[in-house]
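# Analysis of the macromolecular model
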Amino acid sequence: MAAASLYTNKLILAPMVRMGTLPSRLIALRYGAGLVYTEEIIDSKLALCTRVENPVLNTIDFVTSDGLVVFRTCAEEKDSVIFQMGTACPESAVNAAKMVQGDVAGIDVNMGCPKPFSVKGGMGAALLSTPAIAADILKAIVEAVDIPVTCKIRLLPTHEETVEFMHLMASTGISAIGLHGRFRPQRSGTPPHLDRMLQAVKACPIPVIANGCGPAPKNATEAREWGESVGCSSVMLARAAQRNLSIFRPEGPTSQIDVARELLKLSVQYDNDTVNTKYCVQKVMHGRLGNDFGQVSKTLHVYLAVEMPFSLTEFVSFWVFFATNFTCVFVSVNTV
């Protein structure tokens, strides 16, 4: 029950490709997120990495032989970060879980991603069609590590199939299930199936984390109310958090500009990939960028393809200054 309590009464940053890097996770935590998920990391990719303690950044890095940082974490998030993996094989899943178990609060297996790159490899939502393999993966991880294990799924075609799948996953010893309230072919433009979610949650013997809000909540209060409407005490936020990482703040979200400033500072502090930093700021500044942003973005994207003759600090100062059409988001070298 202690492991299950980790996943109850929480607002959670959902796993998001490219967005779920260390700076975004830390901001979400600082604004009140109870847990933060990494972006999905494929088990076979992690297998190519070496765990490195980075004394310069005070981080733990998982780095490939050619220097690519696949996963970076730090002490501030150790008790709150959930490592989400993409996998289709119990053995490789266990190897990945063992590599990171000392540096994260929990392991999650992605069983809900409907994107072709994931499904073609038998991962993500493809596991919804192979429940025996999905259960074998979870059971193997649970038996191999000393931290909580979960999975994140979507609704199956019928209520009976959803409940049967959730019960089978629960029987492996996992601590919770994340449930996205749409079917595999559906995307965010389709409203979630609240009645199906509520029925599935009531029938599940372990905690369920609600995901797939629609419409997107504007603040923490609305997010919690949405979760309660489908019987969940915990809610996992993706698009709403992507647009303003301070949505977890109990008093209500702060401005996107403040969040962008913090994101840039943390990106410099933790030497975040420059292209990823640009992507994350662009998402955070959703709706605040002027008509000229498109051209600026294209220009900078080309510029990033060559070796930059200046520091990341100078780059982010330059980029935000122009990308926001001269609004006061400028981050000087002295403030970082």
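That block above? That's the structure.
This is a predicted model, so every value here is computed, not measured.

A few words now on the overall build of the protein chain. In terms of regular secondary structure, the protein chain is built from 14 helices and 12 strands. For the protein chain, with 336 residues in total, the buried portion stands at 54%. In the protein chain, once contacts between residues fewer than 6 apart in sequence are set aside, the share between residues at least 24 apart is 69%. A total of about 14,600 Å² of accessible surface is found on the protein chain, and carbon and sulfur atoms cover 54% of it.

Now for helix α8 (residues 194–203). Three or more residues of α8 are buried, namely M197, A200 and V201. Axial view of α8: buried residues confined to an arc of 100 degrees, hence all on one face. Across from the buried face of α8, at angles greater than 90 degrees, the exposed residues are D195 and K202. Lining the buried residues of α8 we find β9 (149–155), α7 (159–170), β10 (176–183), β11 (208–211) and α9 (220–229).

Our focus in this paragraph is the packing of helix α11 (residues 256–269) against helix α12 (residues 274–284). Look at α11 against α12: their axes get within 9 Å of each other, and the N-to-C directions meet at 170 degrees. Taken together, the axis directions place α11 and α12 in an arrangement best described as roughly antiparallel. Crossing of α11 against α12: the hand is right-handed. Facing α11, whose interface residues are Q256, V259, A260, L263, L264 and S267, α12 presents T277, C280, V281 and V284. Residues of the contact of α11 with α12, tallied by class, amount to seven nonpolar, three polar and no charged.

Let us look at the environment of N110. Take N110: it is sitting in strand β8 (residues 106–110). Of the residues examined, N110 reaches a relative accessible area of 6% and is grouped as buried. Separated by 42 residues in the primary sequence, N110 and K152 have C-alpha atoms spaced 5.4 Å apart. Sequence-distant contacts of N110, that is, excluding residues within four places in its chain, are made with E40, Q84, M85, G124, L127 and K152. At a separation of 3.1 Å, a polar atom in the side chain of N110 contacts the side chain of E40.

Together, K115, R187, R239 and R243 give the surface a local cluster of positive charge. Tracing the backbone shows R243 in helix α10 (residues 239–243).

With that settled, the discussion passes to the pairing of strand β5 (residues 59–63). In terms of burial, β5 is a largely internal element, five of the five residues being buried. Neither face of β5 is left uncovered, since the one carrying T59, D61 and V63 and the one carrying I60 and F62 both have all their residues buried. With five bridges connecting them, strand β4 (residues 50–54) and β5 associate as antiparallel partners. Each bridged residue has a counterpart across the sheet, and for N54 the counterpart in β5 is T59. In this structure, the hairpin formed by β4 and β5 is closed by a connection of four residues, where N58 is found at a positive phi of approximately 60 degrees. Examined bridge by bridge, β5 and strand β6 (residues 69–74) share five bridges and lie antiparallel to one another. Residue pairing in the sheet places T59 in a bridge with C74 of β6.

This part covers the pattern of salt bridges. One pass over the structure, following the stated rule, counts seven salt bridges. For E53, the salt bridge goes to R51, with nearest N and O atoms at 3.4 Å. Within the structure, one salt-bridge network assembled from shared partners comprises R51, E53 and D103.

This brings us to the nonpolar core. In terms of nonpolar packing, the biggest core is built from 89 residues, with I107, M111, I141 and M169 touching the most fellow members. A total of six residues in this core trace back to one element, the largest contributor, which is α11. For M111, the residues in contact, after removing those within four places along its chain, are G124, A125, L127, L128, A134, L138, C151, K152, I153, R154, F165 and M169.

Another aspect to go through is helix α6 (residues 131–144). In a regular helix each residue adds 1.5 Å, so 14 residues correspond to 20 Å; α6 covers 20 Å between its end C-alpha atoms and thus fits that length. Regarding α6, the residues found buried are A134, A135, I137, L138 and I141. Take α6 and look down its axis: the buried residues cluster within an arc of 160 degrees, on one side only. More than 90 degrees from the buried face of α6, the exposed residues found are A132 and E143. Buried-residue contacts for α6 involve β7 (81–86), α4 (90–100), β8, β9 and α7.

Looking at the largest pocket, its volume works out to about 930 Å³. Lining of the largest pocket is provided by 35 residues; of these, P15, M16, H180, A238 and R239 occupy positions nearest its centre. Of all the elements in the fold, those that place two or more residues in the lining of the largest pocket are β9, β10, β12 (234–237), α10 and α12. Per element, the largest residue contribution to the lining of the largest pocket is four residues, and it comes from α10. One number sums up the size of the second largest pocket: a volume of about 710 Å³. Contributions of two or more residues to the lining of the second largest pocket are made by α2 (22–30), β3 (41–42), β6 and α12. For the lining of the second largest pocket, the leading source of residues is β6, giving four residues.

Parameters at a glance
Just so you know, the residues in each chain are numbered from 1, in the order the chain's sequence is written. With pLDDT at 70 or above as the cut-off, local features in this predicted model cover only qualifying residues; side-chain atom pairs require 80 or more to be listed or tallied, and sums for whole chains, interfaces and linings still use all residues. To get the side-chain values, take all heavy atoms of the structure and skip hydrogens and water. Helical segments are the DSSP runs of H or I of at least four residues, strand segments are the runs of E of at least two, and each set is numbered from the N terminus. Note on classification: 1.4 Å probe, protein chains only; a residue is buried when its accessible area is under 20% of the maximum for its type, exposed when over 50%, partly exposed between these limits. The criterion used for residue contact is that any of the two residues' heavy atoms lie within 4.5 Å. For accessible areas, the Shrake-Rupley method is used with a probe of radius 1.4 Å. Any residue's cover is judged against the shown protein chains and nothing else. Arc definition: it is the arc formed by the directions from the helix axis to the C-beta atoms. Axis definition: a line fit to C-alpha positions, over the contact stretch in the case of helices; interaxial angles, taken between N-to-C directions, run 0 to 180 degrees. Every angle not falling under 35 degrees, over 145, or within 65 to 115 is termed oblique; those three ranges are roughly parallel, roughly antiparallel and roughly perpendicular. Each crossing is labelled by how the near helix is turned from the far one, with a counterclockwise turn of less than a right angle marking it left-handed and a clockwise turn marking it right-handed. Residues are grouped as follows: Ala, Val, Leu, Ile, Met, Phe, Trp, Tyr, Cys and Pro are nonpolar; Asp, Glu, Lys and Arg are charged; all remaining types, including Gly, are polar. Definition of a polar contact: a pair of N or O atoms within 3.5 Å, with one able to donate and the other able to accept a hydrogen when the atoms are protein atoms, and with sequence-neighbouring residues admitted only if both atoms are side-chain atoms. Here the term patch refers to residues with relative accessible area over 30% and no salt bridge, with like charges joined within 9 Å and nonpolar side chains (Val, Leu, Ile, Met, Phe, Trp, Tyr) within 5 Å. Note on definitions: salt bridges are taken to be side-chain nitrogens of Lys or Arg within 4 Å of carboxyl oxygens of Asp or Glu. All tallies of charge rest on Lys and Arg as positive and Asp and Glu as negative; His and the ends of each chain are not included. Where a charge lies is defined by one atom per residue type, namely NZ (Lys), CZ (Arg), CG (Asp) and CD (Glu). The pairing criterion for strands is at least two bridges between them, as found by DSSP. Residues belong to one nonpolar core when they are buried, are Ala, Val, Leu, Ile, Met, Phe, Trp, Tyr or Cys, and are joined through side-chain atoms within 4.5 Å. Each residue after the first adds 1.5 Å to the expected span of a helix. Space inside and on the surface of the protein is sampled on a 1 Å grid over the protein atoms alone, with a cavity defined as a set of points where a 1.4 Å probe fits but cannot get out and a pocket as an open set with protein on both sides within 12 Å along at least 5 of 7 lines; lining residues have an atom within 4 Å of a point. Grid points are joined across faces, edges and corners, and a volume is the space filled by probe spheres set on the points.

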